[in-house]
There are 2 protein chains.
Amino acid sequence: PDAAATQGAQDRNGQLTKPPGALGRLEDLAIWYAGWRGTDRPQISAPQVVIFAGNHGVCAQGVSAFPAEVTAQMVANFEHGGAAINQLSKAFGAKMQVHALSLDTPTADFTTAPAMTEAEVVTALQIGWMAVDPASDLLVTGEMGIGNTTSAAAVAAAVLGGQAADWTGRGTGVDDAGLARKTDVVAKALALHNMDDPLEALRCVGGRELAAMAGAIAAARHHRIPVILDGFICCAAAAVLAKTSDGALDHTVAGHQSAEAAHARLLHALGKEPLLNLGLRLGEGSGAALAIGVLKGAIACHSGMVTFAEAGVSAG
Amino acid sequence: PDAAATQGAQDRNGQLTKPPGALGRLEDLAIWYAGWRGTDRPQISAPQVVIFAGNHGVCAQGVSAFPAEVTAQMVANFEHGGAAINQLSKAFGAKMQVHALSLDTPTADFTTAPAMTEAEVVTALQIGWMAVDPASDLLVTGEMGIGNTTSAAAVAAAVLGGQAADWTGRGTGVDDAGLARKTDVVAKALALHNMDDPLEALRCVGGRELAAMAGAIAAARHHRIPVILDGFICCAAAAVLAKTSDGALDHTVAGHQSAEAAHARLLHALGKEPLLNLGLRLGEGSGAALAIGVLKGAIACHSGMVTFAEAGVSAG
């Protein structure tokens, strides 16, 4: 972030017509955003929501409550404007794009082989990187992929440590038997692969949409575009970056804490405090898109309010 | 609320292209809102933010970090568009009005006499009632009044029970000595007045802006306009209604939990779970206005998403 813009935003914040600190986290958000945008009085006028979809060979292990064809069906739904993320993007003035990543060629079942080849994971990272519009001033990365909470749990366990059960949850809503199967699948993957390197973990147990999200989040940093992280799967992809390079997520804020059981643990591991905690567990970038409203409110106050001197208000 | 609209909204919610419950509290919010608006597929197109300002004789006891003239100065700031609530109202598409209530005639110092006469409190209630536009489809009530966290603490203690210290906090930012003074002032008021009746508590230790908020919240119910409650002072005013009539706040949702220490206790007493918890303690309706975004997101999803059948998506 730009030190002068950060300092300028801090100075401005201290002069606005409110008691010091009275806007709570909105003040921290505005200063953080100003620093990354390189101006002490930023605007949010071009938020971008980008959704990546992928299919997972591990679905063969019965880890999801939904059949794998739902991934492609939901991509069509995104394209026709009928999903939750379409409504939220529209409500908060974000343009939205969907990238379907080789849906007819699922990743390999990672209980028996690496999910992706090196070429496949690099392609997905590149697609993610290229999907970010450099003219955007805020990014949300979302995903769709039946089976991808299983993949995200395996990535989180590989990258952050802990047991399979620590990271495995009910996803779209599997029952107790399904949860036991998922946990077993994640444990098998952890035993099978050598994943000391975070990017190797992404290749072995991740998925194309996770890799693309990681690529997009890294590209956003390159372009100085702040990112609102979404739920468990997005944060698992982000954890790969965090473990690859210190401070790799400094340009990101956690949009929400999802109802997926291990998301709270994942946010804690990333050192991120969520803006919202409303029990969402949909994916698609939905929780992060909802948090665009919070960030827009923060920036509206910071950049739109007058100072005590301008208003002729006694500063107490 | 309209039982048929509630049922219709519940049915619709169950058919939308998402796993059951995956939008968490957004689903409950949409069904609640639909019931009060009397349609299973509502829109939010006319939110109203109304701010009431009053002055408090109890300021003579040194209970605020700011001088009393700041109330009128901030009213001018609201009128000129420079305050936080102006930016938030604009950001979330709400029209905003300010009502300055006899600022040159503060309430009486309630450590020695009732804050208001019966005529004064009735006038304030009426102004609040009349301030609500029946054509609005969502209401936020905000306030400005140097000294009013002291008044709100006294109202909360009188109406909900407990000790002065349970309800007294730092407001705009008093130091330890100021907090001790405030607590003492609230204790004196509780000892002085007979406040078995909630409306009598509002008269004896409330303020014009608290009474006006209570009037507005009651009027909103009459017009079937859902209300987003703001922070400590708004909720203290709402508590008067809650204790006057069971279910009087069923058309309201808590927009946020503020950093004012006793707000969490007050929300708990009202049985309200806040939508946001971002450390705001500004008043003005700011936390509730920020929550308009959350409610808009909920309604956008509920009313804009397609069903599994419409999208041709397998329902799992």
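Calculation criteria
Residues numbered from 1 in each chain as written. Chains lettered and ligands numbered in written order. Predicted model: local features only at pLDDT ≥ 70, side-chain atom pairs only at ≥ 80, totals over all residues. Heavy atoms only, no water. UniProt positions renumbered as here; feature names shortened; annotations may be inferred. Helix = DSSP H or I, 4+ residues; strand = E, 2+ residues; numbered from the N terminus. Buried < 20%, exposed > 50% of the residue type's maximum accessible area, 1.4 Å probe, protein only. Contact = heavy atoms within 4.5 Å. Polar contact = N/O pair within 3.5 Å; in protein donor to acceptor, adjacent residues only side chain to side chain. Phe/Tyr/Trp six-rings, centres within 6.5 Å; stacked < 30°, edge-to-face > 60°. Lys NZ or Arg CZ within 6 Å of the ring centre and 35° of its normal. Axes fitted to C-alpha atoms, helices over the stretch in contact; angles between N-to-C directions. Parallel < 35°, antiparallel > 145°, perpendicular 65-115°, else oblique. Nonpolar A, V, L, I, M, F, W, Y, C, P; charged D, E, K, R; others polar. Buried area = accessible area lost by both parts, 1.4 Å probe. Salt bridge = Lys/Arg side-chain N within 4 Å of Asp/Glu carboxyl O.

**What about the UniProt feature "active site" (unreviewed entry) in chain A?**
Residue and element names in this part refer to chain A.
Here's step 1: UniProt records the feature "active site" (unreviewed entry) at Glu284, using the numbering of this structure.
Here's step 2: Along the chain, Glu284 turns up in the loop between helix H12 (263-270) and helix H13 (286-304).
Here's step 3: Using a relative accessible area of 1% as the deciding quantity, one classes Glu284 as buried.
Here's step 4: Discounting residues that sit within four places of it in the chain, Glu284 has contacts with Ile51, Met74, Phe78, Ala83, Ala84, Ile85, Gly142, Glu143 and Asp230.
Here's step 5: A distance of 3.2 Å separates a polar atom in the side chain of Glu284 from the backbone nitrogen of Ile85.

**Regarding the packing of aromatic side chains**
Here's step 1: Counted by the stated rule, this structure contains two aromatic pairs over all chains.
Here's step 2: Lying over the aromatic face of Trp167(A), Arg265(A) brings its terminal NZ or CZ to 5.6 Å of the ring centre.

**Some words on the packing of helix H1 (residues 3-15) of chain B against helix H13 (residues 286-304) of chain B**
Residue and element names in this part refer to chain B.
Here's step 1: Axis separation between H1 and H13 bottoms out at 9 Å; the angle between their running directions is 75 degrees. Taken together, H1 and H13 sit at an angle that is classed as roughly perpendicular. Contacts between H1 and H13 involve Ala9, Arg12 and Asn13 on the former and, on the latter, His302, Ser303 and Gly304.
Here's step 2: Of the residues contributing to the contact of H1 with H13, the split by class is one nonpolar, four polar and one charged.

**Notes on the interface of chain B and chain A**
Here's step 1: Listed as interface residues are 49 residues of chain B and, on the opposing side, 49 residues of chain A.
Here's step 2: Between chain B and chain A the total buried area reaches about 3700 Å² when both faces are included, carbon and sulfur atoms providing 70% of it.
Here's step 3: When the buried area of chain B at its contact with chain A is split by residue, Pro19(B), Phe66(B) and Leu278(B) rank highest and sum to 14% of it.
Here's step 4: Here chain B is connected to chain A by zero salt bridges.
Here's step 5: Inspection of the region where chain B meets chain A yields 15 residue pairs in polar contact (both at pLDDT 80 or more).
Here's step 6: Going through the elements one at a time, helix H2 (25-37), helix H3 (69-80), helix H4 (84-91), H13 and helix H14 (308-311) of chain B are the ones with two or more residues in the side of chain B that touches chain A.
Here's step 7: Here the element with the most residues in the side of chain B that touches chain A is H13(B); it accounts for seven residues.
Here's step 8: Grouping the constituent residues of the side of chain B that touches chain A by class yields 30 nonpolar, 15 polar and four charged.

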